Amino acid sequence: MPMFSKFAEISPVVWGILGALITVGVVLFFLTRDSKKWSTRMLANAALVIALSFILSYIRLYKMPQGGSITLASMLPIFMFAYAYGVGPGMLVGMAYGVLQFIQDAYFVHPVELLLDYPLAFAMLGLAGLAGRFSDKWGIIPGIVLGTLGRFVCAFLSGVIFFGMYAPEGQNVLVYSAVYNGLYLIPEAAICIVLAMIPQIRQLAKRLALSK
């Protein structure tokens, strides 16, 4: 299938890095302090949101030239999981999704860039678990903002360190990275917020949180 055609192009080195990331994920799973035991329902919900986010990531409204896309709210399922189960579990699920995102594109310029743009960046979506500390009238929206901001920080650092050569002549690399990553992450977050304000989706997020 075209969706998985790039598997054959992944080098042994990349597979080794992926193996290391999976190991890190397992370690984090056992070290996470704020997570409860992963029940069958929780594992099923984790698998569901990862699959749904992965499918939505293929609905690209716009793709940036050096990486990054505006999709049909592909981050929203991860945000909802973190909102329901907390920061720790949300970060683990986000990290797993980040590995899938890397497999989807299978491109990196340096191992540190790989970590910043994929597992670490998407792990930051788990910050949506902090939404419960805000007023209930805002629901998941503060979490969407925090999770997107966390991903932006990782993408910003990656842009400054590894992609500064693409900045127009005379433009500060910090400004370039901030503008470049903001151009796709702000619309992506806006789409998530708009959808999260739909009463049915807001109620679904609340029911998911109550069912944990």
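Everything below is about the structure printed above this text.
I will try to describe carefully the structure that is included in this document. (Residues numbered from 1 in each chain as written. Predicted model: local features only at pLDDT ≥ 70, side-chain atom pairs only at ≥ 80, totals over all residues. Heavy atoms only, no water.)

**So, the packing of helix α2 (residues 40-56) against helix α4 (residues 87-105)**
Rules: Here an axis means a line fitted to C-alpha atoms, over the contact stretch when the element is a helix, while the angle between two N-to-C directions is reported on a 0 to 180 degree scale. A helix here means a DSSP run of H or I that spans at least four residues, while a strand means a run of E at least two residues long, and both kinds are numbered starting from the N terminus. Handedness of a crossing follows from how the near helix is turned relative to the far one, being left-handed for an anticlockwise turn of less than a right angle and right-handed for a clockwise one. The criterion used for residue contact is that any of the two residues' heavy atoms lie within 4.5 Å. Under the scheme applied here, ten amino acids are nonpolar (Ala, Val, Leu, Ile, Met, Phe, Trp, Tyr, Cys and Pro), four are charged (Asp, Glu, Lys and Arg), and all others, including Gly, are polar.
At a closest axis distance of 10 Å, the pairing of α2 and α4 adopts a crossing angle of 35°. Pair α2 / α4 crosses with right-handed handedness. Residues M42, A46, V49, I50, S53 and F54 of α2 lie in contact with α4, whose contacting residues are P89, V93, A96, Y97, L100, Q101 and Q104. For the contact of α2 with α4, a count of residues per class yields 10 nonpolar, 3 polar and no charged.

**Observations regarding the environment of L125**
This is how it is decided: Only protein chains enter the accessibility calculation, which uses a 1.4 Å probe; a residue whose area is less than 20% of its type maximum is buried, one above 50% is exposed, and one in between is partly exposed.
On the secondary structure map, L125 appears in the loop between α6 (119-123) and α7 (141-162). Relative accessible area serves as the criterion here: at 0%, L125 is assigned to the buried category. Along the primary structure L125 and V93 are separated by 32 residues, whereas in three dimensions their C-alpha atoms are 9.0 Å apart. Leaving out residues up to four positions away in the same chain, L125 has contacts with M75, I78, F79, A82, G147 and R151.

**What about the packing of aromatic side chains?**
Operational definition: Think of it this way: a Phe, Tyr or Trp ring, Trp meaning its six-membered ring, pairs with another when their centres are within 6.5 Å, and the plane angle makes it stacked under 30 degrees, edge-to-face over 60, tilted otherwise.
Under the definition given, this model contains 8 aromatic pairs. When the ring of F81 is compared with that of Y85, the centres are 4.6 Å apart and the planes differ by 40°; the resulting orientation is tilted. Residue F81 and its partner Y85 are both found in helix α3 (residues 76-85); the two are separated by 4 residues, about one turn of the helix. Ring plane angle 25° and centroid distance 6.3 Å describe the contact between F163 and Y166, whose orientation is recorded as stacked. Owing to a relative accessible area of 40%, Y166 belongs among the partly exposed residues under this scheme. Each residue in the set Y176, Y180 and Y184 is aromatic and connected to the rest through ring pairs, giving one cluster.

**Here's the deal with the pairing of strand β1 (residues 60-63)**
Short version of the rule: When DSSP locates at least two bridges between a pair of strands, those strands are taken to pair.
Inspection of the sheet shows β1 paired to strand β2 (residues 69-71) by 3 bridges, in the antiparallel sense. Note that in β2 the partner of K63 across the bridge is S69.

**Points about the side chain of S57**
For clarity, the cut-off: Contacts described as polar in this section are N or O atom pairs within 3.5 Å, which, within protein, must combine one atom able to donate a hydrogen with one able to accept it, while residues neighboring in sequence count only if both atoms come from side chains.
With respect to the secondary-structure elements, S57 resides in the loop between α2 and β1. Within the structure, the side chain of S57 is placed 3.2 Å from the side chain of Q101, a separation counted as a polar contact.

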